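# Structural overview for review
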Amino acid sequence: MIVVGAGHAGCEAALISARSGADTVLLNIDLDKIAKLSCNPAIGGPGKTQLVREIDALGGEMARNTDRSVLHMRRLNTSKGQAMQIMRAQVDRDRYRAEMKRVLETEENLRLHEGTATELIVSRETITGVRTREGVEFVGSAVVLTTGTFLRGRVYLGDLSYPAGRTGEPPAEDLSESIQEAGLEMKRMNTDTTPRVNGETIDFAGLESQETTDEEFAFSYSFPKKRLEDDYPVYLTRTNSTTHEIIRDNIDENPRYNGTVVSAHPRYCPSLESKIIDFPDREHHKVFLEPEGRKSREYYLQGIYTSSPPEVQGEIVHSMKGLEDAHIERYGYGIEYDYLPPTQLSPTLETKEVEGLFTAGQINGTTGYEEAAGQGILAGINAARRARGEGGVVIDRSEAFIGVITDDLVTKGVDEPYRMLPSRAEYRILLRENNADLRLTETAWELGTISEERYKRYREKREGVESRLEQLKTHSVSPGGKVNAQLESKGTSPLKDQGATLYELIKRPELDWADVMELASLPKNDVNPEVRKEVEIRAKYEGYLKKQEKRLEQFRRMEEEEIPDSLDYDEIEGLSTEGREKLIEINPRTLGQAERIPGVSRADITILTVWMKK
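Summarised in this report is the structure supplied together with it. (Residues numbered from 1 in each chain as written. Predicted model: local features only at pLDDT ≥ 70, side-chain atom pairs only at ≥ 80, totals over all residues. Heavy atoms only, no water.)

### Things to note about the overall build of the protein
Inclusion rule: What counts as a helix is a DSSP run of H or I of at least four residues, what counts as a strand is a run of E of at least two, and both are numbered from the N terminus. Computation of the radius of gyration draws on C-alpha atoms, with the globule rule given as 2.2 Å multiplied by the number of residues to the power 0.38. Exposure categories follow from relative accessible area, calculated using a 1.4 Å probe and restricted to protein chains: below 20% of the type maximum is buried, above 50% is exposed, and the middle band is partly exposed. Throughout, a residue-residue contact means that at least one pair of heavy atoms, one from each residue, lies within 4.5 Å. Where accessible areas are quoted, they stem from the Shrake-Rupley method and a 1.4 Å probe; at the residue level, only the protein chains shown are allowed to cover. When charges are counted, Lys and Arg contribute as positive and Asp and Glu as negative, whereas His and the chain ends are disregarded. Here the site of a charge means atom NZ of a Lys, CZ of an Arg, CG of an Asp or CD of a Glu.
Of the regular secondary structure elements, the protein holds 20 helices and 23 strands. Against the compact-globule benchmark of 25 Å for 614 residues, the protein has a radius of gyration of 26 Å, which places it among compact chains. Over its C-alpha atoms, taken along the principal directions, the protein stretches across nearly 80 × 70 × 50 Å. Out of the 614 residues belonging to the protein, those deemed buried represent 58%. Of all intrachain contacts in the protein linking residues separated by at least 6 positions in sequence, the fraction that spans at least 24 positions is 72%. Surface accessibility of the protein: about 26000 Å² in total, with carbon and sulfur atoms responsible for 44%. When the 83 basic and 106 acidic side-chain charges of the protein are each reduced to a single mean position, those positions are 5 Å apart.

### What to know about the sheet that holds strand β8 (residues 126-132)
Put simply, the rule reads: By this definition, two strands are paired if DSSP reports at least two bridges between them. Only the contacting stretch of a helix is used when fitting its axis, a line to C-alpha atoms as for every element, and angles between N-to-C directions run 0 to 180 degrees.
Read from one edge of the open sheet, 3 strands run β7-β8-β9, paired in antiparallel fashion. The open sheet terminates on both sides in strands that have one partner only, identified here as β7 (117-123) and β9 (137-139). Across the sheet, the mean angle from the axis of one strand to that of its neighbour is 25°, orientation sign disregarded. Here β8 pairs with β9 via 3 bridges, running antiparallel. Its bridge partner lying in β9, Val130 is registered against Phe138.

### Things to note about empty space enclosed by the protein
Our working rule: Site definitions follow a grid-based scheme: protein atoms alone, a 1 Å grid, a 1.4 Å probe that fits but cannot get out for cavities, and for pockets an open set with protein on both sides within 12 Å along at least five of seven lines, plus lining residues having an atom within 4 Å of a point. Grid points are joined across faces, edges and corners, and a volume is the space filled by probe spheres set on the points. Three classes are used: nonpolar for Ala, Val, Leu, Ile, Met, Phe, Trp, Tyr, Cys and Pro, charged for Asp, Glu, Lys and Arg, and polar for all others, with Gly counted as polar.
According to the stated counting rule, one finds 3 cavities of 30 Å³ or more in the structure shown. If you trace the largest cavity, you find 13 residues lining it, with Val394, Asp396, Asp407, Arg589 and Arg596 closest to the centre. No other element matches helix α10 (residues 401-412), which puts 3 residues into the lining of the largest cavity. Looking at the lining of the largest cavity, its residues break down into 4 nonpolar, 3 polar and 6 charged.

### A look at the sheet that holds strand β2 (residues 24-28)
An order of β6-β2-β1-β10-β21 is seen for the 5 strands of this open sheet, with the pairing classed as parallel. A single partner strand is all that each edge strand has here, and the edge strands are β6 (110-114) and β21 (357-359). Across the sheet, the mean angle separating the axes of adjacent strands is 20° when strand polarity is ignored. As judged from the 5 bridges shared by β2 and β6, these two strands associate in the parallel manner. Counted as the bridge partner of Leu27 is His113 from β6.

### Considering the side chain of Thr239
Rules: Distance and chemistry together define a polar contact, namely a pair of N or O atoms within 3.5 Å, with one atom able to donate a hydrogen and the other to accept it when in protein, and with adjacent residues in sequence counting only for side-chain atoms on both sides.
Of note, Thr239 is situated in the loop between β16 (234-238) and α6 (241-249). There is a polar contact of 2.9 Å between the side chain of Thr239 and the side chain of His244. Within the structure, Thr239 has its side chain in polar contact with the backbone nitrogen of His285 (distance 2.7 Å).

### Quick look at the packing of aromatic side chains
What counts here: Pairing of aromatic side chains here covers Phe, Tyr and the six-membered ring of Trp, requires ring centres within 6.5 Å, and sorts the geometry by plane angle: under 30 degrees stacked, over 60 edge-to-face, intermediate tilted.
One pass over the structure, following the stated rule, counts 7 aromatic pairs. Consider the rings of Phe204 and Tyr235, whose centres lie 4.4 Å apart with planes at 40°: the pair is tilted. You can see Phe204 sitting in the loop between β14 (196-198) and β15 (208-210) and its partner Tyr235 sitting in strand β16, a full 31 residues away along the chain. Tyr235 gets classed as buried once you look at its relative accessible area, which sits at 17%. Centroid distance Phe204 to Tyr299: 5.5 Å. Interplanar angle 55°. Geometry classified as tilted. Of the two residues, Phe204 sits in the loop between β14 and β15 while Tyr299 sits in strand β18 (residues 298-302), which places them 95 residues apart along the sequence. Accessibility classification places Phe204 together with Tyr299 in one group, the buried group.

### With respect to unusual backbone geometry
Phi at Arg152 is positive, roughly 50°, even though this residue is not glycine. Following the sequence through the fold, Arg152 ends up in the loop between β10 (143-145) and β11 (154-157). Assessed through its relative accessible area of 25%, Arg152 is described here as partly exposed. Notably, Asn587 is not glycine yet its phi reads approximately 50°, a positive angle. Secondary-structure assignment places Asn587 in the loop between α18 (577-586) and α19 (591-595). Judged by relative accessible area, Asn587 falls into the partly exposed class, the value being 35%.

### Some details on helix α13 (residues 481-489)
An α-helical segment advances 3.6 residues per turn. Residues three or four places apart therefore align on the same side. Inclusion rule: For this quantity, the arc is that covered by the directions from the helix axis to the C-beta atoms.
Inspection of α13 places Val483, Asn484, Gln486 and Leu487 among the buried residues, and these make up the whole buried set. End-on view of α13: buried residues confined to an arc of 160°, all on one side of the axis. Looking at α13, the residues exposed on the side facing more than 90 degrees away from the buried face are Gly481, Lys482, Glu488 and Ser489.

### Quick word on the pairing of strand β12 (residues 160-163)
Bridge count between β11 and β12: 4 bridges; the pairing is antiparallel. Opposite Val155, over in β12, you have Tyr162 as the bridge partner. Between β11 and β12, which pair antiparallel in sequence order, lie 2 residues; one of them, Gly158, sits at a positive phi of approximately 65°.

### Observations regarding the side chain of Asn198
Its place among the elements puts Asn198 in strand β14. Asn198 sits in the buried class, given a relative accessible area of 17%. Here the side chain of Asn198 touches Glu329 through a polar contact of 2.8 Å, side chain to side chain. Residues within four places of Asn198 in sequence aside, it is in contact with Arg297, His327 and Glu329.

### As for α6
Within α6, the full set of buried residues consists of Thr243, His244, Ile246 and Ile247. Looking straight down α6, one finds that the buried residues subtend no more than 160° of arc, so they occupy a single side. Projecting away from the buried face of α6 at angles above 90 degrees are the exposed residues Ser241 and Asp249. If you follow the buried residues of α6, they end up packed against α7 (272-278) and α8 (310-318). The opening residue of α6 is Asn240, an N-cap whose side-chain oxygen sits 3.0 Å from the backbone nitrogen of Thr242.

### With respect to the environment of Pro342
Here Pro342 is to be found in the loop between β20 (334-339) and β21. Considering only alpha carbons, one finds Pro342 and Leu409, 67 residues apart in sequence, at a separation of 5.5 Å. Those residues in contact with Pro342 that lie beyond four places of it in its chain are Asn364, Leu409, Val410, Gly413 and Val414.

### Describing the state of the cysteines
Put simply, the rule reads: A pair of sulfur atoms, both from cysteines and within 2.5 Å, is called a disulfide here.
Per the stated rule, a full pass over the model turns up 0 disulfides. With no disulfide of its own, Cys11 lies 17 Å from the sulfur of Cys39, the closest cysteine sulfur. The class of Cys11 is buried, set by a relative accessible area of 1%. Looking at Cys39, the relative accessible area reads 18%, which means it is buried.

See the structure below:
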């Protein structure tokens, strides 16, 4: 199996392929740029941490590499319940890259090669390998393209533009042509990066500091939890009226606003210019000053995504508190690149046009490290299985955020860079950060991508959760004076005429595991913290979970109604014209997927259901 591109998608694809036993080759233009954090030096966040932990549960590397290189960690959404809280880590950019390269180089069944892929080798609509600019042919039964922003990439900085995959790195020009020659459609997207400044020139006095969370944590289920020292805080500044005036006065010099770049750009990670123009009533926007690493004094200005000219960027940066004298070491820039509209893919991320060719990451129209890595691990699993002559694996949207991304891409397509948001997942209370191992480890074990030790730990956690839930349901306390005094001290109502089970009591917002164990005079520290958290969530969110599980049953019934591959939609009378065109284009696997296709109406689904029953 061959992987082209060693960004976050490519690293996960290559590693999971090798770990599942397939002979794997990973090609990259520059092996020193493996797993480069091209944008912000951070992993995780809403919708993203769930992806990282799912990758970890399946046997991937992103969570472990985050734990190796972490500088600073915050727990977000702490004002909400435990089910909604998530982690976000600042990482050492150089160490992250170096550690991932070390893991790749030492992985059995995996070989790295430096080279620029220029041509797909296709025979009878089936991939047989790739050819590089250096004249080397790599032959394989499956290929995964994880090309990031390199396909005909072009950098924009004010009125300056030049070909590049990233600034300072060459683009992949010929590969785009080869993909199109294979019968696949390509379109264009663009995104912006931020300036980086020297920390020695930042005036941190008076800036708001975000300290690292005072708790033990680990992104990976296989890493021991640890508490970080607060050595690398994140600082917060804000734009102001002067900043906004500078942007408005110079907007015609920005390539997005003067008509130079017209392709789709991110809505959920917008440029600073977009924020100012689209939200004229906002008095300020937050800018986070994020450290780049232990051996670097660079700070990433999260929130100033821009492709304005250097002199304008200087004015923008210097207009903000703490940055008045900041020295810009690297200017932000915009980059435009080719992507493959993802409705040309099956749910395994294999292209419909070329058998054995898979794609993952920004080539599929997404944005973000975690989104890319999630696709990469799924594409890698399926490409390796393809190389061994085995059937594909589909992760559906009820199982994981990875399934949500995949289903959204192949069913709905994209018209702007796609970012994973928790709101995209209908079953997000079931798909939590803390339970990814309970959802996906069994699948990983069946696929052979995790060790026996990992599987044993998962079984112990699962059994621990079940036994502790049983303990709560079978132990009761009576409304005695001591019990009621303890309840009142916690700010919750005392028991009246009859007692209550510990399960009933732990549902109260004011009480946690330690409280109810104390009420029953039971040991409170003899349980794994991960088990305790899962038990509390299941108890406190029982009503919500039952509602989502009921909806999930309906979803699965629709997903079980498979549509034959041989179905000819032109033979079905009564379908709307748009519905028929969309069904032919997407060729859904199930009635459930057909129902989610934009343009397919409820009437179309009813007609399709009746036809299938006949």
